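Overview (structure and organization)
For reference, the chains in residue letters:
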Amino acid sequence: MSISRRRFTSLTAAAIAAMTFQSRAIQAAARETGLKDAFKDDFLIGTAINKWTLEREDSTQRDLIAREFNSITAENCMKWMEIHPEEDRWNWGPADQFVEFGTKHGMHIVGHTLVWHSQVPRTVFQDENGNPISKERLEARMQHHIATVVDRYRGKIAIWDVVNEAIEEDEKGWRQSPWFKILGPTFMERAFQLAHEADPKAHLIYNDYNEHNPGRRNFLVERIRDYKRRGIPIHGVGFQGHIGLDYPDLREYEDSIEAIAAEGLAVHVTELEVDVLPRPSSFTGAEISAVQQYADKLNPYVDGLPKEVEQEQIDRYKRFFELLLKHREKIQRVTFWGMHDGESWKNNFPVRGRTNYPLLFDRKLNKKPVYHAVAGLGRT
Ligand code: G3I
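Summarised in this report is the structure supplied together with it. None of these values were measured; they are calculated from a predicted model.

1. Quick look at the overall build of the protein chain
A count of helices and strands for the protein chain gives 13 helices and nine strands. In terms of C-alpha radius of gyration, the protein chain reaches 23 Å, essentially the compact-globule figure of 21 Å for 380 residues. Referenced to the eigenvectors of the C-alpha coordinate spread, the extents of the protein chain come out at roughly 100 × 45 × 45 Å. Counting only residues that meet the buried cut, the protein chain has 56% of its 380 residues in that class. Looking at the protein chain alone, contacts between residues at least 24 apart form 78% of all its contacts between residues at least 6 apart. For the protein chain, the accessible area works out to roughly 17,200 Å², and carbon and sulfur atoms hold 51% of it.

Here is the structure:
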């Protein structure tokens, strides 16, 4: 074989090798991309993380979270009950681990939640004798809690759920929580002012469920207009997104997205999942105290989800994401409330001990068909 032919052959082989390497690199990059990349031009994609995911030695789920998401929310470890269980006792470990994980991976970290009627020690609202605490002392306690927590993570937590679930549905106004009963309606604006004082750069949101409800939406819009008139710092609203196959009406959901955006606030979908199990009575929502009685008929898919129900869920997720993409300029973030079906709170709410399939990954951390259906929308 002539020299030139040998040279041509070796060049061709090198070129083929280079192209093979490049295609493998591209394939590897494609394999390493996740939901965050599918929606990188639309909104942040997040997941709630529980303390066990952060503590366990096996890093498989943490590695998957780092690949798939660019935002994380503390499912429980930053709630008052968990992080500040007694007046002079703090439990920083899990929260520090959560923030370290998010910082390490350059994620948008969400602090959940500063002021809520649930998962807060009853003693917060009592004096030493167990009697209701005075307005002045409760405000001082709220100030101390918010300032201490927000200051610790200043510059690391980008978004705070400042107040969670303070408004009732159907024009009923304020939830009659101990915060409201002792401090009056100004507790919410005071919480936002305190969070802003502690970290002026943090994005501060109000978070609630059934945010499609017109009564809740209208009452919240009135508060937002009042806060903006008086310079109370509020930057966004969290739509929890605990939805089912047949609720809520997405037209009402869209009305709420448009109403909040019209006030100049960012919309966040903060706790998304699609529940596939039968609903006890006409229950919809996330009031954590509203646990219902177990019955086998409410837990029909113990041995697996039937294909027709799986398809219903795929269709529901697609319609929901099509709505979010239609309003992508209004929506800053979409966070799933958990990564895989096995860790979802919906296995135990509103009925304990059920087998639910509400998220995009299965109990073995595999992508479900619904993952691909949702991810495929992001690349359009
Ligand atoms: O960590 C303890 C564990 O040590 C103990 O053995 C166990 C015994 O019951 O309890 C564990 O704490 C539980 C915690 O989840 C962690 O699993 C609490 O009892 C339980 O009440 C708590 O439930 C959380 C619920 O909020 C109430 O805080 C769910 O995981 C969480 O998904 C859910 O999330 C809320 C959002 O924060 C606000 N929006 C509604 C949403 C659903 O309720």
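Anyway, onward from the coordinates.
2. Some remarks on the packing of helix 11 (residues 250-262) against helix 12 (residues 307-326)
The contact between helix 11 and helix 12 brings their axes to 11 Å, and the two run at 25°. Viewed along their axes, helix 11 and helix 12 adopt a mutual orientation that is roughly parallel. In the crossing of helix 11 with helix 12, the sense of the turn from one axis to the other is right-handed. Across from L250, Y253, E254 and I257 in helix 11, the residues of helix 12 making contact are R316, R319, F320, L323, L324 and K326.

3. Digging into the side chain of E254
Positionally, E254 belongs in helix 11. Judged by relative accessible area, E254 falls into the buried class, the value being 15%. Only 2.6 Å separates the side chain of E254 from the side chain of K326, close enough to count as a polar contact. For E254, the residues in contact, after removing those within four places along its chain, are L323, K326 and H327.

4. Quick notes on the environment of L245
For L245, the location among the structural elements is in the loop between strand 7 (242-244) and helix 11. Once residues lying within four places of it in the same chain are set aside, the contact partners of L245 are V274, D275, V276, V309, E312, Q313 and R316.

5. What about the nonpolar core?
Of all hydrophobic cores here, the largest spans 103 residues; its most connected members are W179 and F321. When residues of this core are assigned to their parent elements, the largest contribution, eight residues, is made by helix 12. Once residues lying within four places of it in the same chain are set aside, the contact partners of W179 are W80, V115, W116, H117, V120, V124, F125, L138, M142, G184 and F187. Core analysis: the second largest hydrophobic core is formed by six residues, A48, A286, W337 and W345 among them.

6. Some points on the pairing of strand 4 (residues 157-164)
Looking along a regular strand, one sees the side chains alternate between the two faces of the sheet. For strand 4, the buried fraction is high: seven of the eight residues fall into the buried class. Here strand 3 (residues 108-116) pairs with strand 4 via six bridges, running parallel. Residue V115 lies in a different strand from strand 4, and its bridge partner there is V163. Sheet topology note: the strand 4/strand 5 (residues 203-208) ladder contains five bridges and is parallel. Opposite W160, over in strand 5, you have L204 as the bridge partner.

7. Topic: the site of the ligand
If you check the shell around the ligand, you find 17 residues, and the closest are E75, K79, H112, Q119 and E271. Within the side chain of Q240, an N or O atom sits 3.2 Å from a nitrogen atom of the ligand. Measuring from an oxygen atom of the ligand, one finds a side-chain N or O atom of W337 at 2.9 Å. The fraction of the free accessible surface of the ligand (780 Å²) that becomes covered by protein chains is 63%. Secondary-structure elements contributing two or more residues to the shell around the ligand are helix 3 (51-55) and strand 3.

8. As for the packing of aromatic side chains
How two aromatic rings sit relative to each other is given by the distance of their centres and the angle of their planes. Using the criterion set out here, one finds 15 aromatic pairs in the structure. Note on W80 and W179: the rings are 5.6 Å apart at their centroids and 45° apart in plane angle, and the pair reads as tilted. Separated by 99 residues along the polypeptide, W80 in helix 5 (residues 80-83) and W179 in helix 8 (residues 178-183) bring together distant segments of the chain. By relative accessible area, which is 5% here, W80 ends up buried. W179 sits in the buried class, given a relative accessible area of 1%. Here Y317 and F336 contribute two aromatic rings whose centre-to-centre distance is 6.2 Å and whose plane-to-plane angle is 50°, an arrangement assigned as tilted.

9. Comments concerning the side chain of H203
Checked against the element boundaries, H203 lands in strand 5. Given a relative accessible area of 16%, H203 falls into the buried group. At 2.9 Å, the side chain of H203 forms a polar contact with the side chain of H268. With sequence-adjacent residues up to four places away left out, H203 is seen in contact with A158, I159, W160, H235, G236, A266, H268 and Q332.

10. Things to note about helix 11
In this model, helix 11 (13 residues) spans 18 Å end to end at C-alpha, consistent with the 18 Å of a helix rising 1.5 Å per residue. Within helix 11, burial applies to L250, Y253, E254, S256, I257 and I260. End-on, the buried residues of helix 11 take up no more than an arc of 160°, which puts them together on one face. Pointing more than 90 degrees away from the buried face of helix 11 are the exposed residues R251 and A262. Count one or two residues on from helix 11 and you reach G264, which has phi positive near 85°.

What counts and how
- Residues numbered from 1 in each chain as written.
- Predicted model: local features only at pLDDT ≥ 70, side-chain atom pairs only at ≥ 80, totals over all residues.
- Heavy atoms only, no water.
- Helix = DSSP H or I, 4+ residues; strand = E, 2+ residues; numbered from the N terminus.
- Rg over C-alpha atoms; globule rule 2.2 N^0.38 Å.
- Buried < 20%, exposed > 50% of the residue type's maximum accessible area, 1.4 Å probe, protein only.
- Contact = heavy atoms within 4.5 Å.
- Areas by Shrake-Rupley, 256 points an atom, 1.4 Å probe, with all protein chains shown as cover.
- Axes fitted to C-alpha atoms, helices over the stretch in contact; angles between N-to-C directions.
- Parallel < 35°, antiparallel > 145°, perpendicular 65-115°, else oblique.
- Left-handed = near helix turned anticlockwise from the far one by under 90°.
- Polar contact = N/O pair within 3.5 Å; in protein donor to acceptor, adjacent residues only side chain to side chain.
- Core = buried A, V, L, I, M, F, W, Y, C linked by side-chain atoms within 4.5 Å.
- Pairing = 2+ DSSP bridges.
- Near = heavy atom within 4 Å.
- Phe/Tyr/Trp six-rings, centres within 6.5 Å; stacked < 30°, edge-to-face > 60°.
- Expected span 1.5 Å × (residues − 1).
- Arc of directions from axis to C-beta.

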